[in-house]
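Chain residues, written in single-letter form:
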Amino acid sequence: MQDSGQAMLVLAILLLAFTSSAIAEDGVTTITKSSLTPAYLLEMPESVSDILIADVATASLRRFVRSGGTMVERDRRYMSIGVNGTGKQRAWDRKTPLGIYFVTEKIDTSYLNEKYGAAAYALDYPNARDRQMSRTGGGIWLHGVNRSNPARPPRDTDGCLALPNEEIKLLGDVIEPHVTPVIVSRELEWRTPEEVRNTRAEFRSALDTWKSSLAHGDLDTYLSLYAHDFSFHDMNRDDWVSYRIGVFESRPLNAVMIDDVMLIADPEEPNLYLSRFIQVLLTDEGTIETTKRLYWRRIDENDWEIVSEDSE
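In this report, the structure presented in the accompanying data block is examined. (Residues numbered from 1 in each chain as written. Predicted model: local features only at pLDDT ≥ 70, side-chain atom pairs only at ≥ 80, totals over all residues. Heavy atoms only, no water.)

Within strand β19 (residues 303-311), 7 of the 9 residues are buried, leaving the element largely enclosed by the surrounding structure. Pairing geometry for strand β18 (residues 286-300) and β19, over 8 bridges, is antiparallel. Its bridge partner being in β19, Leu294 is matched across the sheet by Glu309. Where β18 folds back on β19, the antiparallel hairpin that results is connected by 2 residues, among which Asn302 adopts a positive phi of roughly 65 degrees. (Buried < 20%, exposed > 50% of the residue type's maximum accessible area, 1.4 Å probe, protein only. Helix = DSSP H or I, 4+ residues; strand = E, 2+ residues; numbered from the N terminus. Pairing = 2+ DSSP bridges.)

Its location among the elements puts Pro270 in the loop between β16 (255-265) and β17 (272-283). For the pair formed by Pro270 and Arg298, sequence separation is 28 residues and the distance between their alpha carbons is 8.7 Å.

A few words on the sheet that holds strand β4 (residues 60-67). Strand order in the open sheet formed by 8 strands is β5-β4-β3-β12-β7-β8-β9-β11, and the pairing between neighbours is mixed. Each edge of the open sheet is held by one strand with a lone partner, namely β5 (70-78) and β11 (161-162). In this structure, strand β3 (residues 50-55) lies alongside strand β12 (residues 181-185), joined through 4 bridges in parallel fashion. Residue pairing across strands places Leu52 opposite Val182, the latter belonging to β12.

The next thing to look at is the sheet that holds strand β15 (residues 235-236). Read from one edge to the other, the open sheet built from 7 strands follows the order β2-β16-β17-β18-β19-β14-β15, with strand pairing classed as mixed. This sheet does not close on itself; its edge strands, each paired only once, are β2 (41-43) and β15. Bridge count between strand β14 (residues 226-232) and β15: 2 bridges; the pairing is antiparallel. Its bridge partner being in β15, Phe232 is matched across the sheet by Met235. Each of β2, β14, β16, β17, β18 and β19 is contacted by helix α4 (residues 193-215), which is oriented at about 150 degrees to β16, the strand it contacts most. (Contact = heavy atoms within 4.5 Å. Axes fitted to C-alpha atoms, helices over the stretch in contact; angles between N-to-C directions.)

In C-alpha cells form, the structure reads like this:
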C-alpha cells in the first residue's frame, strides 16, 4: 500500500508538471473551476497583472491573471515547501508561513548555494501581522532547485517555496518586486462571484469610512475603527491613539486620496483581510505619498475593525 501511494504521488506530480509545460508553450490556455473564483481575490488594481497562490494541498503554485475584468487561473507549477509543513511561528522551525506576502526583490543566485537554483525572489515575511503575532524568523524565498539534484519531494525546504528551475525562470517575466502578491494557503478555497462581490462591497465601505474620517479630521470615527487589541510596532492601542491625536493636531490635512487599491482575504485566519493601497496626503507643507497596508477583522456584516497597519 505504501509503494502504491508513493506511485500515485509521483504520477500526480508528473501530470502537474506536464500540464504546466503544455500551458506555458501555447500561452493561452485558461484553467477554470466552474463559475467559482478564489475566495481571497476580492479586488485587484490594474497595476497587478499576476497573482501567485501557493496551494499546499496540491503541492502547486497557481498563477492567476487578469482576463475580462476578473482573475482566472492560467497555469500551475509543482512546488516544494518546508520540511515540517506550514504555519511558521519561529526562526529555524523549517515551516512555510501561511498568509499574504509580497515579493520584495529578485536575488542573484550565482553567488549562493546551489540549492537556490536558477532564480530567487525574497518575500516580506514577517509582515506586520506576523510581527503582531510574535512570529519570528526571515529569509523566506521563492526559488529554484539544485541543478544536480532537481527532484524534490513536496516537503523539502527550510521554509521557502521551491519550483523546478525551468518554471522559476518562466515566472521571471511576470514577477514584480513590491507588486506581485504571493498568497500561501493550506488549501485553495473557492467562492461564487456573488459572494466575492458582497464581501468586497462590505470591505470597500469600511475602507471608505476610514478614508473619509481621516480626510475630514473626524477623530472619533477614525479611532473607533481601530480594535482594542490593535498594535503598531512597539505601541499598543493607547500609545498609538495618543500618537495619532498629536499628528491630527499638528498636521491638518487638505485632502486624502487613495489609489491602486488591493483587497485580499487572508487564507489562514478566518475573517482577517488586507487592504493595500497608495495613500496621498495633501498638507500645507506638501504631498506625502506612501504605500499603506491595513489588516482588518470582520466581526459581522458591515462591522469591521483594524487590527494592524504598516507602511512601505
